[in-house]
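Understanding the architecture of this molecule
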Amino acid sequence: MPETKKVGELMVPLREYPVVYDSDTLKDAIKVLRNYRAAGHEHRSLLVFSKTKVDNEEQLVGILTTRDILKAIKTNRLLYDNTELFNMSWAFFYRKDPLNELTVTKVGQAIRPLVDACVQAGDTVVRAIELMMTKNVNLLPVFEGRKAVGVIRAIDLLDYIADML
């Protein structure tokens, strides 16, 4: 039986991922992600840290995906004028003022928290796949103890499987 790789061998190091803080706005997050992708990077989500330090380090508190951003805008639109986002005119997206109002939400209110969807660098790839499937996520933060060190994506796991074929 072939040796199973560890998550730490396949993960994307933390330094290669875009970062925002839970106190930033969705508008800030959208700009960070756009600039990051414009620079040629492929990631479609952001790591969210808290500026509150534990053991002299900022703590990873969640992940913000493009879907989370769109969901927050939709929710804000409903609160804004009780109009369903996708039933309204698309012209709404061509007007800056309403979008500015809908993106003032703090990132911390829109993130997927790290309650139980994370892995340790020493966990097996099988554990990461199982967790992604049961939690219905495509990305897991990777920790060494309590310190965030990287991210494992579904595509990384698929590449690993493809290499075994």
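Above this text sits the structure in question.
Read on for a plain summary of the structure. (Residues numbered from 1 in each chain as written. Predicted model: local features only at pLDDT ≥ 70, side-chain atom pairs only at ≥ 80, totals over all residues. Heavy atoms only, no water.)

On to the overall build of the protein chain. Tallying secondary structure elements over the protein chain gives six helices and eight strands in all. Along the protein chain, helices and strands appear, N-terminal first, in the series α-β-β-α-β-β-α-α-β-β-α-β-β-α. A total of 165 residues make up the protein chain; the buried ones form 41% of that total. When contacts within the protein chain are restricted to residue pairs at least 6 apart in sequence, long-range pairs at least 24 apart make up 61% of them. On the protein chain, roughly 10,200 Å² of surface is accessible, and the fraction owed to carbon and sulfur atoms is 52%. (Helix = DSSP H or I, 4+ residues; strand = E, 2+ residues; numbered from the N terminus. Buried < 20%, exposed > 50% of the residue type's maximum accessible area, 1.4 Å probe, protein only. Contact = heavy atoms within 4.5 Å. Areas by Shrake-Rupley, 256 points an atom, 1.4 Å probe, with all protein chains shown as cover.)

All right, on to the environment of F49 then. Among the secondary structure elements, F49 is positioned in strand β3 (residues 45-54). According to the relative accessible area criterion, F49 is buried, its value standing at 8%. Sequence separation between F49 and Y21 is 28 residues; the distance between their C-alpha atoms is 4.8 Å. Excluding residues that lie within four positions of it along the chain, F49 makes contacts with L14, V19, V20, Y21, D22, E58, Q59, L60 and V61.

Where nonpolar side chains cluster on the molecular surface, the patch consists of I155, L158, I161 and L165 and spans about 430 Å² of accessible area. Among the structural elements, L165 can be located in the segment after α6 (154-164). (Patch = residues over 30% accessible without salt bridge, like charges linked within 9 Å, V, L, I, M, F, W, Y side chains within 5 Å. Salt bridge = Lys/Arg side-chain N within 4 Å of Asp/Glu carboxyl O.)

A few words on the sheet that holds strand β7 (residues 139-144). In spatial order, the strands read β1-β8-β7-β6; together these four strands make up an open sheet with mixed pairing. For this open sheet the edge positions go to β1 (12-13) and β6 (119-120), each flanked by a neighbour on one side alone. Where β1 lies against strand β8 (residues 147-153), two bridges are found, and the strand directions are antiparallel. Paired with V12 across the two strands is V151, which belongs to β8. Against the sheet, helix α5 (residues 125-135) touches β6, β7 and β8, its axis set at about 135° to β7. Each of β1 and β8 is contacted by α6, which is oriented at about 60° to β8, the strand it contacts most. (Pairing = 2+ DSSP bridges. Axes fitted to C-alpha atoms, helices over the stretch in contact; angles between N-to-C directions.)

To continue, consider the nonpolar core. Counting 17 residues, the largest nonpolar core has V119, L140, V142, I152 and L157 as its most contacted members. Taken together, the elements giving at least two residues each to this core come down to α1 (7-10), α5, β7, β8 and α6. By residue number, the principal contributor to this core is α5, which donates four residues. Setting aside chain neighbours within four positions, we find L140 in contact with A117, C118, V119, A128, L131, M132, G150, V151 and I152. Core analysis: the second largest hydrophobic core is formed by 13 residues, V20, A29, I73 and I111 among them. (Core = buried A, V, L, I, M, F, W, Y, C linked by side-chain atoms within 4.5 Å.)

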